[in-house]
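Spelled out, the chains give:
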Amino acid sequence: MDGSREGNGRAGAFDHLNRFDDSVGRPAPPYDPLRLCVFTTIALLAWVLGPVVVLVFALVGIAGYVKARRGGLLRSKCKLGDTRVVIGYLSLVALAALAALVLWVLRLIPGFGAGG
């Protein structure tokens, strides 16, 4: 006797146990580590393309937060909280990426590079 319905003569004996109970609610959806995949992809792009991709992401972030702030968003889900602080942080990242990009390009020019 394995408790299956087949051949035991009790086809509906436990059907009352397999019902949704509204008082319990729906179970939480399973954890999806999508953010980890996104973070890994961004890190890979930053590793391969260097300061170019960091500058692009920072500029896109600045544009997004400026638009959101103009739309009335004052507090972000970002750990920094205040959207002005987030915009300042992204601006600093963009400036650092721009400086790194300039150094990256200068390294390619003969006379400026490490072996020059």
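Conventions adopted
- Position numbers for residues start from 1 in each chain and track the written sequence from start to end.
- Per-residue local features are limited, in this predicted model, to residues with pLDDT of at least 70; the limit for side-chain atom pairs, both in listing and counting, is 80 or more; totals at the level of whole chains, interfaces and linings are taken over all residues.
- The side-chain quantities take in all heavy atoms of the structure and omit both hydrogens and water.
- Strands here mean DSSP runs of E at least two residues long; helices mean DSSP runs of H or I at least four residues long; both are numbered from the N terminus.
- Here the Shrake-Rupley method, with its probe set to 1.4 Å, supplies the accessible areas, and only the displayed protein chains count as covering residues.
- In a helix, the anticipated span is given by 1.5 Å times the number of residues less one.
- Whether a residue is buried, partly exposed or exposed follows from its accessible area with a 1.4 Å probe, protein chains only, as a fraction of its type maximum: under 20%, in between, or over 50%, in that order.
- In this analysis, two residues are considered to be in contact whenever any of their non-hydrogen atoms come within 4.5 Å of each other.
- To get an axis, a line is fitted to the C-alpha atoms, and for a helix only the part in contact is used. The angle between two axes follows their N-to-C directions and goes from 0 to 180 degrees.
- Every angle not falling under 35 degrees, over 145, or within 65 to 115 is termed oblique; those three ranges are roughly parallel, roughly antiparallel and roughly perpendicular.
- Crossings are assigned a handedness: left-handed for a near helix turned anticlockwise from the far helix by less than a right angle, right-handed for a clockwise turn.
- Any residue that is not Ala, Val, Leu, Ile, Met, Phe, Trp, Tyr, Cys, Pro, Asp, Glu, Lys or Arg is counted as polar, Gly included; the first ten are nonpolar and the last four charged.
- We define the nonpolar core as a collection of buried residues of types Ala, Val, Leu, Ile, Met, Phe, Trp, Tyr and Cys that are connected through side-chain atoms lying within 4.5 Å of one another.

Draft legend 1. Spatial organisation of the overall build of the chain. A tally of helices and strands in the chain yields three helices and zero strands. Counting helices and strands in the order they occur from the N terminus, the chain gives α-α-α. A total accessible area of about 9,700 Å² is found for the chain, and carbon and sulfur atoms account for 66% of it.

Draft legend 2. Just helix α2 (residues 51–70), in detail. Compared with the 28 Å implied by 1.5 Å per residue over 20 residues, the 28 Å span of α2 between its first and last C-alpha is a close match. Residues of α2 that are buried include every one of Pro-51, Val-53, Leu-55, Ala-58, Gly-61 and Ile-62, and no others. Packed against the buried residues of α2 are α1 (34–49) and α3 (83–108). Phi turns positive one or two residues past the end of α2, at Gly-72, with a value near 115°.

Draft legend 3. Representation of the side chain of Asp-82 in the model. Assignment of secondary structure puts Asp-82 in the loop between α2 and α3. Apart from residues lying up to four places away in sequence, Asp-82 is in contact with Arg-69, Leu-74 and Arg-75.

Draft legend 4. Up close: the packing of α2 against α3. Where α2 contacts α3, the two axes come as close as 8 Å, and the packing angle between them is 155°. One finds that α2 runs roughly antiparallel with respect to α3. For the pair α2 and α3, the crossing hand works out as left-handed. For the contact of α2 with α3, the class distribution of residues is 19 nonpolar, three polar and two charged.

Draft legend 5. Region of interest: the nonpolar core. Formed by Leu-55, Ala-58, Ile-62, Val-86, Leu-90, Ala-94, Ala-97 and Leu-101, the largest nonpolar core amounts to eight residues. When residues in this core are grouped by element, the largest group, five residues, is from α3. Not counting the four nearest positions on each side in its chain, Leu-55 is found in contact with Ala-94, Ala-97, Leu-98 and Leu-101.

Draft legend 6. Broad picture of α3. Compared with an ideal rise of 1.5 Å per residue, which puts 26 residues at 38 Å, α3 spans 37 Å between its outermost C-alpha atoms and is within 8% of the ideal. The complete set of buried residues in α3 reads Thr-83, Val-86, Ile-87, Leu-90, Ala-94, Ala-97 and Leu-101. Where α3 is buried, its residues touch α2.

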